[in-house]
Amino acid sequence: MNTDVIITVENLVKRFNSHTAVDGVSFEINRGEIFGLLGPNGAGKSTIISILCCLLEPTLGSVVIDGSDIRKNANNIKKIIGVVPQEISLYHTLTARENLAFYGKIYGLSGRALKSRVEALLDMVGLTERADDLLEGYSGGMKRRINIAAALLHEPRILYLDEPTTGVDPQSRRRIYDTIQDLNRQGMTVLLTTHQMEDAEKLCHRIAIMDKGKLIALDTQKGLMELVGESDLIHVLAPEILPGPVESIKRMPGVQKVSLDDGNMTIQLLRGRESLVGIIDILTSSKTQVESIYIKEPDLETLFLHLTGTKLRG
Ligand SMILES: Nc1ncnc2c1ncn2[C@@H]1O[C@H](COP(=O)(O)OP(=O)(O)OP(=O)(O)O)[C@@H](O)[C@H]1O
Ligand SMILES: [Mg+2]
């Protein structure tokens, strides 16, 4: 067994009646890694999390977590994992401090150990000052931060976060990113799911891209970007662009594709920066009025489009 690997998922299949939600997925997560499952709604991300939490039995395939098989040693696994579910699971009529104390007691903590753990976690998610407010007065982002704290009470070694930033304001998002990175620096292995590119780009050491139950790509962000090649996109907003300059741009070296959509011209090309001056020259010499022009380097959204032909966000 490779001791650097903490989670091994092999040929995982989950069917709900005739619907296959997870369709032969295999991957490994290394100890100390932040691993992301990225995919659109219904891709099968939460189903995988539920299986890896031992809440849902797989139809086929195997999952081994820190040497324990989910079918045989679920109790060992439950002790070392913390789970932040997609739906907030907190009591709205209790304060944040009371919620954490409640969950701590479920994990068998009490007395001074419970109190100090709750205070440390409140501090970690930056909500000590609001700890005695009822949850019903919390924003979505604050609730999610408390939900993360609740998953950490029993000091797990592996943390699953299912869509940690959905419905979260920018300030809480940053705080959540910091919390995940701090935990990871202290040795926590993290598996998170998201349909937000930004989460995957900012946090994950490796990213698995899922679509319709299948894993369609898995690599570091750098490795994934190499799949789209070296193309950049240049966006030009010019409401009255004429066919002449469009044809000239199409003939420029490195230009792969030019599409026009209601005054928006998108040019896909190799080494966009080098061609930008030439494109501006063509537009000015043809007296095209340009409202804006910018280069977009390929990102995970471009890759998803490239691999599936559809957008990540619905
Ligand atoms: N308990 C269930 N019974 C029947 N079908 C289910 C069940 N749970 C999930 N599914 C189906 O399995 C597919 C995958 O769902 P899943 O919740 O894993 O997707 P997801 O990637 O987490 O999506 P989202 O981004 O919306 O959270 C969907 O088509 C969903 O309808
Ligand atoms: Mg989900």
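Please read all numbers here as calculations on a predicted model, not as lab measurements.

Participant: Any chance you could break down the overall build of the chain for me, citing the residues and the numbers?
Facilitator: Scanning the chain from terminus to terminus reveals 11 helices and 14 strands. Overall, the chain is about 80 × 45 × 35 Å in size when its C-alpha atoms are taken along their principal axes. Buried residues in the chain amount to 48% of all 314 residues. Sequence-distant contacts, at least 24 apart, represent 68% of the contacts inside the chain between residues at least 6 apart.

Participant: Hey, could you go over the domain arrangement of the chain for me, with residue numbers and the actual values?
Facilitator: Taken domain by domain, the chain comprises domain 1 (5–226) and domain 2 (230–297). Computed from C-alpha coordinates alone, the two centres of domain 1 and domain 2 are separated by 43 Å.

Participant: Go over helix H4 (residues 111–124) with me, naming the residues and quoting the values.
Facilitator: Taking 1.5 Å of rise per residue, 14 residues should cover 20 Å, and H4 covers 20 Å from first to last C-alpha, within 8% of that figure. Along H4, the positions that sit buried rather than exposed are Leu114, Arg117, Val118, Leu121 and Leu122. The buried side chains of H4 occupy one side of the element, clustering within an arc of 130° when seen end-on. Residues of H4 that are exposed and point more than 90 degrees away from the buried face comprise Arg112, Lys115 and Asp123. Of the surrounding secondary structure, the elements contacted by the buried residues of H4 are helix H3 (96–106) and helix H5 (140–151). A positive phi of about 70° marks glycine 126, the residue just after H4.

Participant: Summarise the coordination of the magnesium ion (ligand 2); cite the residues concerned and give the values.
Facilitator: For the magnesium ion (ligand 2), the protein coordination sphere consists of Ser46 (OG) and Gln86 (OE1), at 2.0 to 2.3 Å. One end of the pair, serine 46, is in helix H1 (residues 45–52); the other, glutamine 86, is in the loop between strand E6 (81–84) and H3, and 40 residues separate them in sequence. With relative accessibility at 33%, the residue glutamine 86 sits in the partly exposed group.

Participant: Talk me through the sheet that holds strand E7 (residues 158–162); I want residue IDs and the actual numbers.
Facilitator: What the 6 strands build is an open sheet, ordered E6-E7-E8-E3-E9-E10; its pairing is mixed. Every interior strand has two partners, whereas the edge strands, E6 and strand E10 (214–219), have only one. Across the sheet, the axes of successive neighbouring strands diverge by a mean angle of 15°, strand direction being ignored. Bridge analysis of strand E9 (residues 206–211) against E10 gives 5 bridges, and the strand direction is antiparallel. Its bridge partner lying in E10, methionine 210 is registered against leucine 215. Against the sheet, H5 engages E6 and E7, with an angle of about 165° to E6. Contacts between helix H11 (residues 300–308) and the sheet are confined to strand E3 (34–38), E9 and E10, with E9 contributing the most and set at about 40° to the helix.

Participant: Could you give an account of unusual backbone geometry, with specific residues and numbers?
Facilitator: One non-glycine residue, cysteine 54, lies in the positive phi region at around 65°. Locating cysteine 54 in the fold gives a position in the loop between H1 and strand E4 (60–65). Phi angles above zero are rare outside glycine, and lysine 287 is one such case at about 55°. Tracing the backbone through its elements, the reader meets lysine 287 in the loop between helix H10 (272–285) and strand E14 (292–296). Taking relative accessible area as the criterion, lysine 287 reaches 73% and is therefore assigned exposed.

How each quantity is defined
Residues numbered from 1 in each chain as written. Chains lettered and ligands numbered in written order. Predicted model: local features only at pLDDT ≥ 70, side-chain atom pairs only at ≥ 80, totals over all residues. Heavy atoms only, no water. Helix = DSSP H or I, 4+ residues; strand = E, 2+ residues; numbered from the N terminus. Buried < 20%, exposed > 50% of the residue type's maximum accessible area, 1.4 Å probe, protein only. Contact = heavy atoms within 4.5 Å. Domains from an automatic or database assignment. Expected span 1.5 Å × (residues − 1). Arc of directions from axis to C-beta. Donors = N, O, S within 2.8 Å, 3.2 Å for Na, K, Ca; no water. Pairing = 2+ DSSP bridges. Axes fitted to C-alpha atoms, helices over the stretch in contact; angles between N-to-C directions.

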